[in-house]
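Secondary and tertiary structure notes
Chain by chain, the residues:
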Amino acid sequence: MKKEKKYERLYIQIKDLIDKSSNNPLSNMATIIAVLHNKMPDYFWTGFYLLQDGKLQVGPYQGSLACINLAKNIGVCWAGINAKKTVIVDDVEAFPGHIACDSRSQSEIVVPLKNKDGDIVGVMDVDSRDKNTFDDADAKGLEKIVSLVY
Ligand code: SME
């Protein structure tokens, strides 16, 4: 199945789950991560990092053990926060300051998470064990899914 179609199906599935049972952003994040991590074979680590008192701290995730705190303004997640847009990294080794919570990660996508007021409150982060995993179809698909959190 084409990636665009797959994301469209996942969006409908997640929206249905969330609409039926939750008005809690944290529960929504956990649900989104569980669905994506188990349905997308390339997703090696799937989770949220949330802004808390100016720090970026891990939220709901699935995959190997992650860093709890990300040093300020360093790495891909902070790049997404600071740029206020989705960041795709084809080769994490080529990204200055990349934070390797698990050295098996090779490529990565970070999508800003906005609250109801449009303020950025964190990011969704997905890592792959292969280089060049993520493209514009992943960005568009994930941005739409992330918009379901709030
Ligand atoms: N690689 C991220 C850190 C989080 S882990 O990928 C789970 C970064 O550079 O911000």
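Up top you'll find the structure we're talking about.
Read on for a plain summary of the structure. (Residues numbered from 1 in each chain as written. Predicted model: local features only at pLDDT ≥ 70, side-chain atom pairs only at ≥ 80, totals over all residues. Heavy atoms only, no water.)

**Examining the overall build of the protein chain**
Along the protein chain, the regular secondary structure elements total four helices and six strands. The order of helices and strands in the protein chain, counted from the N terminus, is α-α-β-β-β-α-β-β-β-α. Taken over C-alpha atoms, the radius of gyration comes to 14 Å for the protein chain, in line with the 15 Å a tight globule of 150 residues would show. Across its three principal directions, the C-alpha atoms of the protein chain cover 40 × 40 × 25 Å. When burial is assessed residue by residue, the protein chain has 47% of its 150 residues classed as buried. Long-range contacts, defined here as pairs at least 24 residues apart, represent 54% of the contacts in the protein chain between residues at least 6 apart. For the protein chain, the computed accessible surface area is about 7,800 Å², with 50% contributed by carbon and sulfur atoms. The protein chain carries 19 positive and 20 negative side-chain charges, and their two centres are separated by 4 Å. (Helix = DSSP H or I, 4+ residues; strand = E, 2+ residues; numbered from the N terminus. Rg over C-alpha atoms; globule rule 2.2 N^0.38 Å. Buried < 20%, exposed > 50% of the residue type's maximum accessible area, 1.4 Å probe, protein only. Contact = heavy atoms within 4.5 Å. Areas by Shrake-Rupley, 256 points an atom, 1.4 Å probe, with all protein chains shown as cover. Lys, Arg positive; Asp, Glu negative; His and termini not counted. Charge placed at Lys NZ, Arg CZ, Asp CG, Glu CD.)

**Re the state of the cysteines**
All chains considered together, the criterion is met by one disulfide. The disulfide partner of C67 is C101, and the S-S distance across this bridge is 2.1 Å. On the sign convention where negative is left-handed, the bridge of C67 and C101, at about -120 degrees about the S-S bond, is left-handed. Separated by 34 residues along the polypeptide, C67 in the loop between strand 2 (55-62) and strand 3 (69-70) and C101 in the loop between strand 4 (87-89) and strand 5 (107-114) bring together distant segments of the chain. Free of any disulfide, C77 has its nearest neighbouring cysteine sulfur in C101, separated by 7.7 Å. (Disulfide = S-S within 2.5 Å.)

**Digging into the site of the ligand**
The environment of the ligand is formed by W45, Y49, L70, G75, V76, C77, H98, I99, C101, E108, D125 and D127. In this structure, H98 approaches the ligand through a side-chain N or O atom, which is 3.4 Å from a nitrogen atom. At a separation of 2.7 Å, a nitrogen atom of the ligand approaches a polar backbone atom of I99. Expressed as a share of its isolated accessible area of 310 Å², the protein-covered part of the ligand is 99%. Residue assignment for the shell around the ligand shows that the elements contributing at least two residues are strand 1 (45-52), helix 3 (75-83) and strand 6 (120-128). (Near = heavy atom within 4 Å. Polar contact = N/O pair within 3.5 Å; in protein donor to acceptor, adjacent residues only side chain to side chain.)

**Details of the sheet that holds strand 4**
Strand order in this open sheet of six strands is 3-2-1-6-5-4, and the pairing throughout is antiparallel. Lying at the two open borders of the sheet, with one neighbouring strand each, are strand 3 and strand 4. In this fold helix 4 (residues 136-146) packs onto strand 4, strand 5 and strand 6, with an angle of close to 30 degrees to the strand it touches most, strand 5. (Pairing = 2+ DSSP bridges. Axes fitted to C-alpha atoms, helices over the stretch in contact; angles between N-to-C directions.)

**Considerations on unusual backbone geometry**
Note on backbone geometry: most residues besides glycine have negative phi, and most peptide bonds are trans. Its identity is not glycine, yet N73 carries a phi of approximately 60 degrees, on the positive side. Its place among the elements puts N73 in the loop between strand 3 and helix 3. Judged by its relative accessible area of 49%, N73 is partly exposed.

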